[in-house]
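Spelled out, the chains give:
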Amino acid sequence: MSENFAYLNGSLHAESVDLAQIADAVGTPFYCYSTAVIVERYRRFHAAVAPLGGQICYAVKANSNQAVLATLARLGAGADVVSEGEARRAVAAGIPPARIVFSGVGKTGAELAYALDTGIGQVNIESERDLELLSRLAVARGKRMPIAIRINPDVDARTHAKISTGKAENKFGIDINEAPRVFARAAALPGVEPVSVAVHIGSQLTDFAPYEQAFRRVAELVRTLRAAGIAIRHLDLGGGIGVPYRGETAPDVTAYAEIVRRTVGDLDCDLLFEPGRYLVAEAGVLVGTVIDVKQGATRCFVVCDFAMNDLIRPTLYEAYHPMLPVAEPASGATSAVVDVVGPICETGDFLARDRALPPIAPGDLLAVTHAGGYGAVMSSTYNTRPMVPEVLVNGSEWAVVRPRPSYDELIGLDRVPGWLAGPTGTR
Ligand code: LLP
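Predicted model only: the values in this text are computed from it and were never measured.

Draft legend 1. Up close: the sheet that holds strand S2 (residues 11-14). The strand order across the open sheet formed by 3 strands is S1-S2-S3, and the pairing between neighbours is antiparallel. Looking along the sheet, the strands with just one partner apiece sit at the ends: strand S1 (5-8) and strand S3 (17-18). Direction of pairing for S1 relative to S2: antiparallel, over a ladder of 4 bridges. Looking at the pairing, Phe5 lines up with Ala14 of S2.

Draft legend 2. Broad picture of the site of the ligand. Lining the immediate surroundings of the ligand are 18 residues, of which Ser203, Gly240, Glu274, Arg313 and Tyr374 lie closest. For the ligand, the accessible surface in isolation is 580 Å², of which the surrounding protein chains cover 91%. Of the residues that constitute the shell around the ligand, the class distribution is 6 nonpolar, 6 polar and 6 charged.

Draft legend 3. Fine view of unusual backbone geometry. Cis geometry marks the peptide bond from Thr28 to Pro29; its omega dihedral reads -5°. Residue placement: Pro29 occurs in the loop between helix H1 (19-26) and strand S4 (30-34). Look at Gln204: it is not a glycine, yet its phi comes out positive at around 60°. Relative to the assigned elements, Gln204 resides in the loop between strand S11 (192-198) and helix H8 (209-227). A residue is classified by how much of its surface remains accessible, and Gln204, at 13% relative accessible area, is buried. Notably, Thr384 is not glycine yet its phi reads approximately 50°, a positive angle. Of the residues examined, Thr384 reaches a relative accessible area of 46% and is grouped as partly exposed.

The rules behind the values
Residues numbered from 1 in each chain as written. Predicted model: local features only at pLDDT ≥ 70, side-chain atom pairs only at ≥ 80, totals over all residues. Heavy atoms only, no water. Pairing = 2+ DSSP bridges. Helix = DSSP H or I, 4+ residues; strand = E, 2+ residues; numbered from the N terminus. Near = heavy atom within 4 Å. Areas by Shrake-Rupley, 256 points an atom, 1.4 Å probe, with all protein chains shown as cover. Nonpolar A, V, L, I, M, F, W, Y, C, P; charged D, E, K, R; others polar. Buried < 20%, exposed > 50% of the residue type's maximum accessible area, 1.4 Å probe, protein only.

Geometric values such as these leave the question of function open.
Shown next as structure tokens:
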């Protein structure tokens, strides 16, 4: 748990702000992010990679709130985006388009046109169709877009199967064996300038050995490409650094940077990194209220007002998120093993199973930690539950950075066609 979430006078605080006070003001559930944690993680990552000539393009998908993006923009971060929507958010939050990298496995013509017209700094190509389309659109605009080609190195990242991206069987990138041919093709096409090799093998890596394997393959490819006359000047090494959800020793970014140095450090390339989770996961908590404590025949259920639609990671990836009562438990309080669930009508609606928690009662506030990355961004309005508001804390200040929509706003998004207008029960 980050030092910026701690008990003060018996109540869990984000920096100097009492989470119970935010709960009173905005209601529950809500997400709360700590600026100090984001800044600290950014500085730590930057200190590790800057000596290698590294630039950070934050992976917006992890947490795309504009207040979070603006916090990172002020620190000098660029952005890695995978949709026009993410690109627009990054630009709106003040990230210069030249520092934005547009990745993604299925970019549309409209998205590539947007990238060209907005002056996005680099497009990461994931297929030959991507390449041809971008070339055509760039030529039509009299532009030349710097590109990276994302290769698939066929390396097992040894993380959860749903977030592994670097095996040959995954949909991502271009098979490393095909890469020399595709680079040669790109070099011959107008409107695109192949300058970089990109790789991203997966997310939540806690063992860095797969990085070593992947980056060595990238280095070998760069030598092959240079021998063929293709001037590779940049490398995009992706993201994926894990965070210690289970309180294990935190993956060490210095060790990661050392792997980068010894695998690709002698290639004289500018390096680009796309960390997402590392910068924001530990900066966020999801706070909810216990609605009921229900003893079933075989298990005890703590039913809360947050649910799988607010934080889907536990049910989607069997992910573990620590939980803490906002009111500090009495020292020596005995824990009981419970399931923490939401009100959604699915058995998959749980945030924790078989979790030892201190005594907890209806009305208590519960904080789910390590929820700043892939939390709010993956939420939905399933069961017509309004999107959870987001709050950003900065020292003793705090602000709502995405308000909770009203029911009218949520329901009012639907349109009832003319043939259904008028009184019911007439047929
Ligand atoms: N670059 C690329 C090309 C990516 O696909 C990703 C993540 C990143 C960077 C950032 O990876 P990070 O540093 O955050 O690990 N929803 C899942 C994670 C999906 C990651 C997708 N790609 C989860 O909640 O675990």
